[in-house]
Amino acid sequence: MTVAHATTLLAHAHWRVLLHKVRFGLRENRLLCATVGTFLLLYGLGAYFLVRQGLDFVKRLPLVGPLLTERMVFLLFFFFFIMLIISNATITGMGLFRRREMEWQIALPLPPRSLVLWKTLEGMLLASWGLLLLSTPILLALARVYEASGAFMLAVVPALLSLVTIAANLSTWLLIALVRWSRRWMWKPLALLLLVLLVRTLPVWQSSIETFHSGDLTASLNQILQHTEICMHPLLPSSWVAETIQAAGRGIQERAVFFNLVLLAHALLSIFITTRIAGSLFYPAWNRVMSAAPGLDSKSARPAFRARPGWLSVGLRLVLALDRASYALMVKEARTFVREPVQWGQTAVIFGLLLIYSMNLRKMGYDLNSPFWITLVSHLNLLVCCLALSTLTTRFIYPQFSLEGKRMWILGLSPLPLHRVLGLKLRLSASVLAVIMMALVIVSGLSLALPWRRILFFSASIAMMSYGMTSLALSLGALVPNFRESNPARIVSGFGGTVCLIASFVYIVGGSAVLVAPSWQHLRQEASVWMGYDWRLELLSLAGLAVLTLVFGGLPYFFAKKRTKNLEYLRDL
């Protein structure tokens, strides 16, 4: 059996499974499909309108408008390319090395090349549909700004598909090489190298900030163009996509066709290289993962089992007011999180970026002595934290119940009933997220020199929204579980994950509107920023947010708790 034939066979089998799931979803969940479709339509219209207005504003800037528009296109697809590599590596890695399905498939009379090629294509589809959805209104807005003809999309869409293919195959190369040759001792020198590079870039960023604060527009523009030159490197596939967009927007069809052919050639070459790498490196890499020992050395070859828990465990259990069974479940959840580098790695990256952003709010270059800018930046900061929180809860909290899989019956036989398991998961996840988000809000408040009353207001707001979004994601995951799937990306990509994302977005928009009302009323009165502030409006807005939290978090939790009390919940295992 040839590689092409085997890959086609795998694709045909998965395509039939997908069609069956889609037909079942359309037949059994019509209201859900209508809701998702309506939201996607509204998102497309809103994104198109906002992006078009922003691009029109930038393009109308005197002298530098066209230059900044061109650089924004290059920068946008450069970051799209980087995001595609990371997301494809995560999804493809879980499909190749973490799923039990692969243990069965690799024993079939199929060449390893076809398995790796299909997993690469599967990861590409799972990781790229969101990018295509996000980029469609952006591309339409670019066509409107460039006043391009209908051939614009015909020239750009193939280039974007080729970019997605190149990113997917490149992530597979890096993944297989990392699994095959990486060693534990390599991580410390790599971390040290990254730290040295970070320290060496600090003077550059410091000089850039001083240039921005100097008020020299020409010098600031030169700094921006200088720091974004890397995204225009002629060997980057994202640069070829940007060149295609520029050529198609200006009506230079020959240049657009040329870059499309360049992208197509490299996409086909990347597929060929993937098959060659898979034939020689995949099986040794997979065998290394499967044959890896737990890592017991001579000192820990005989682990000591304590008849009684240690004093730290006893003290922590007393502080949290938990019985032994509940504390054991909390420890299990914490250890599961620590043992999953994909989860804590992405979480650390998101919170690290938020921390850096929060600590540098004062250096944004706006007049932060103005009441308007103080109010605007503080509420936008809260919105950014809420959006990051929504991403984390949808990505990691929603699939928690589904990831228990066939082991759910063990929890069903434990001293803890499933509805208490649901409550403990909510208590642990929401409390940890609330503490971290409150710390970020406090850091940003101190960076903006807000009074403590406003810092406490934003802290209480983010704490309530942390519990609300965590409860929403966990409850929907319990109401619409998928015990047959072990890939969290696939679980989140389903109907339940989409509804969770939509509901979180609506909750954030409603909560932000309620929280901004006191500040808006204060600005309308043109009073002093803080001295004449009516604290009763703040309490009223917090009460309104509490009502929204009960609606979006409390009601789903009530139905999820009611359902998990029924033993029929386990019949789908």
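What you see is a predicted model; the values in this text were computed from it and never measured.

Visitor: Mind laying out the overall build of the chain, listing which residues take part and the relevant values?
Guide: Of the regular secondary structure elements, the chain holds 21 helices and zero strands. Per-residue burial for the chain yields a buried fraction of 41% across its 573 residues. Considering only contacts within the chain whose residues lie at least 6 apart along the sequence, 81% involve residues at least 24 apart. Counting only carbon and sulfur atoms, one obtains 70% of the accessible surface of the chain, whose full area is about 32,000 Å².

Visitor: Help me get a handle on unusual backbone geometry, residues and values and all.
Guide: The residue Glu147 is not glycine, and still its phi comes out positive at about 55°. Within the secondary structure layout, Glu147 lies in the loop between α5 (112–146) and α6 (151–181). Glu147 sits in the exposed class, given a relative accessible area of 69%.

Visitor: Please provide a residue-by-residue account of the confidence of the model for the chain, values included.
Guide: Looking at the chain as a whole, the pLDDT averages 79, with 82% of positions reaching at least 70. For residues 293–303, every residue scores under 50 in pLDDT, and the model assigns this stretch zero contacts once sequence neighbours within four places are set aside. Per-residue pLDDT stays below 50 along residues 527–531; that stretch engages in ten contacts with residues further than four places along the chain or on separate chains.

Visitor: Which residues make up the pattern of salt bridges, and what values do they have?
Guide: Applying the stated criterion across every chain yields a total of four salt bridges. Where Lys119 meets Glu122, a salt bridge forms, and the shortest distance between an N and an O atom there is 3.6 Å. Taken together, the residues Lys119 and Glu122, both in helix α5 and three residues apart, mark about one turn of the helix. Using a relative accessible area of 9% as the deciding quantity, one classes Glu122 as buried. In this structure, the salt-bridge partner of Glu538 is Arg454, at a minimum N-O distance of 3.0 Å. Highlighted residues: Glu538 in helix α21 (residues 535–564) and Arg454 in helix α18 (residues 452–479), separated in sequence by 84 residues. Classification of Glu538 by relative accessible area gives buried; the value is 6%. A relative accessible area of 2% means that Arg454 is categorised as buried.

Visitor: Give a description of the nonpolar core that names residues and reports values.
Guide: Core analysis: the largest hydrophobic core is formed by 41 residues, its most contacted members being Val73, Phe77, Leu139, Leu142, Phe152 and Ile245. If you look at the next biggest cluster of nonpolar residues, it comprises 30 residues, including Cys385, Leu389, Phe457 and Leu545.

Visitor: Which residues make up the packing of helix α17 (residues 418–447) against α18, and what values go with them?
Guide: The interhelical angle for the contact between α17 and α18, taken along N-to-C directions, is 150°, at an axis separation of 8 Å. As judged from the angle between their axes, α17 and α18 are roughly antiparallel. The two elements α17 and α18 cross, and the hand of that crossing is right-handed. Classifying every residue of the contact of α17 with α18 by side-chain character gives 18 nonpolar, seven polar and one charged.

Visitor: I'd love a proper account of the side chain of Thr69, names of residues and values included.
Guide: Position of Thr69 among the secondary structure elements: in helix α3 (residues 65–97). Not counting chain neighbours up to four residues away, the residues in contact with Thr69 comprise Leu55, Val58, Lys59 and Tyr146.

Visitor: Can you explain a nonpolar patch on the surface? Please cite residues and give values.
Guide: A cluster of nonpolar side chains, contributed by Leu178, Trp187, Leu190, Leu193, Leu194 and Leu197, occupies part of the molecular surface with about 580 Å² of accessible area. Per element, the largest residue contribution to the nonpolar patch is five residues, and it comes from helix α7 (residues 187–214). Tracing the backbone shows Leu178 in helix α6.

Visitor: Quick one: what's the story with the packing of aromatic side chains, residue by residue and with numbers?
Guide: All told, the structure shown has eight aromatic pairs when counted by the stated rule. Both rings, one in Phe97 and one in Phe282, keep their centres 6.0 Å apart while their planes meet at 45°; by these two values the pair is tilted. A residue pair is termed long-range when its members are at least 10 positions apart, and Phe97 in helix α3 and Phe282 in helix α10 (residues 253–290) qualify at 185 residues. Neither Phe97 nor Phe282 differs from the other in exposure class; each is buried.

Visitor: Just give me the short version of the environment of Ala247, but keep the residues and values in it.
Guide: Counting through the fold element by element, Ala247 comes out in helix α9 (residues 237–249). Along the sequence, Ala247 and Phe258 sit eleven residues apart, while their C-alpha atoms lie 9.9 Å from each other.

Visitor: An account of helix α12 (residues 324–338) is requested, with residue identities and associated values reported.
Guide: Helix length check: α12, at 15 residues, gives a terminal C-alpha distance of 21 Å against a target of 21 Å (1.5 Å per residue), a fit within 8%. All buried positions along α12 are accounted for by Ser326, Tyr327, Leu329, Met330 and Glu333. For α12, the buried positions fall inside an angular range of 160° around the axis, keeping them on one side. For α12, the exposed residues set more than 90 degrees away from the buried face come down to Arg324, Arg335 and Val338.

Visitor: How would you sum up the environment of Leu476? Please name residues and give values.
Guide: The residue Leu476 is located in helix α18 in this model. For Leu476, the residues in contact, after removing those within four places along its chain, are Tyr398, Val499 and Cys500.

Visitor: Quick one: what's the story with the packing of α3 against α9, residue by residue and with numbers?
Guide: Packing of α3 against α9 brings their axes to within 8 Å, and their N-to-C directions diverge by 140°. As the angle between them shows, α3 and α9 are arranged oblique. With respect to the hand of their crossing, α3 and α9 are arranged in right-handed fashion. Residue-level inspection shows Glu70, Val73, Phe74, Phe77, Phe78 and Phe81 of α3 in contact with α9, the latter providing Pro237, Ser238, Ser239, Val241, Ala242, Glu243, Ile245 and Gln246. Here the residues of the contact of α3 with α9 are counted per class, giving nine nonpolar, three polar and two charged.

Visitor: Describe the side chain of Thr120, naming the residues involved and giving the relevant values.
Guide: By the element assignment, Thr120 lies in helix α5. Polar contacts involving the side chain of Thr120 include one to the main-chain carbonyl oxygen of Val116, which spans 2.7 Å. Each residue touching Thr120, except ones within four places of it in the same chain, is listed here: Thr92, Ala168, Asn169, Thr172 and Thr274.

Visitor: Break down the state of the cysteines for me, with residues and values.
Guide: Following the criterion strictly, the structure yields zero disulfides and no others. The closest cysteine sulfur to the non-disulfide-bonded Cys385 is located on Cys386, 6.9 Å from its own sulfur.

Reading the values: the criteria
Residues numbered from 1 in each chain as written. Predicted model: local features only at pLDDT ≥ 70, side-chain atom pairs only at ≥ 80, totals over all residues. Heavy atoms only, no water. Helix = DSSP H or I, 4+ residues; strand = E, 2+ residues; numbered from the N terminus. Buried < 20%, exposed > 50% of the residue type's maximum accessible area, 1.4 Å probe, protein only. Contact = heavy atoms within 4.5 Å. Areas by Shrake-Rupley, 256 points an atom, 1.4 Å probe, with all protein chains shown as cover. pLDDT = per-residue confidence, 0-100. Salt bridge = Lys/Arg side-chain N within 4 Å of Asp/Glu carboxyl O. Core = buried A, V, L, I, M, F, W, Y, C linked by side-chain atoms within 4.5 Å. Axes fitted to C-alpha atoms, helices over the stretch in contact; angles between N-to-C directions. Parallel < 35°, antiparallel > 145°, perpendicular 65-115°, else oblique. Left-handed = near helix turned anticlockwise from the far one by under 90°. Nonpolar A, V, L, I, M, F, W, Y, C, P; charged D, E, K, R; others polar. Patch = residues over 30% accessible without salt bridge, like charges linked within 9 Å, V, L, I, M, F, W, Y side chains within 5 Å. Phe/Tyr/Trp six-rings, centres within 6.5 Å; stacked < 30°, edge-to-face > 60°. Expected span 1.5 Å × (residues − 1). Arc of directions from axis to C-beta. Polar contact = N/O pair within 3.5 Å; in protein donor to acceptor, adjacent residues only side chain to side chain. Disulfide = S-S within 2.5 Å.

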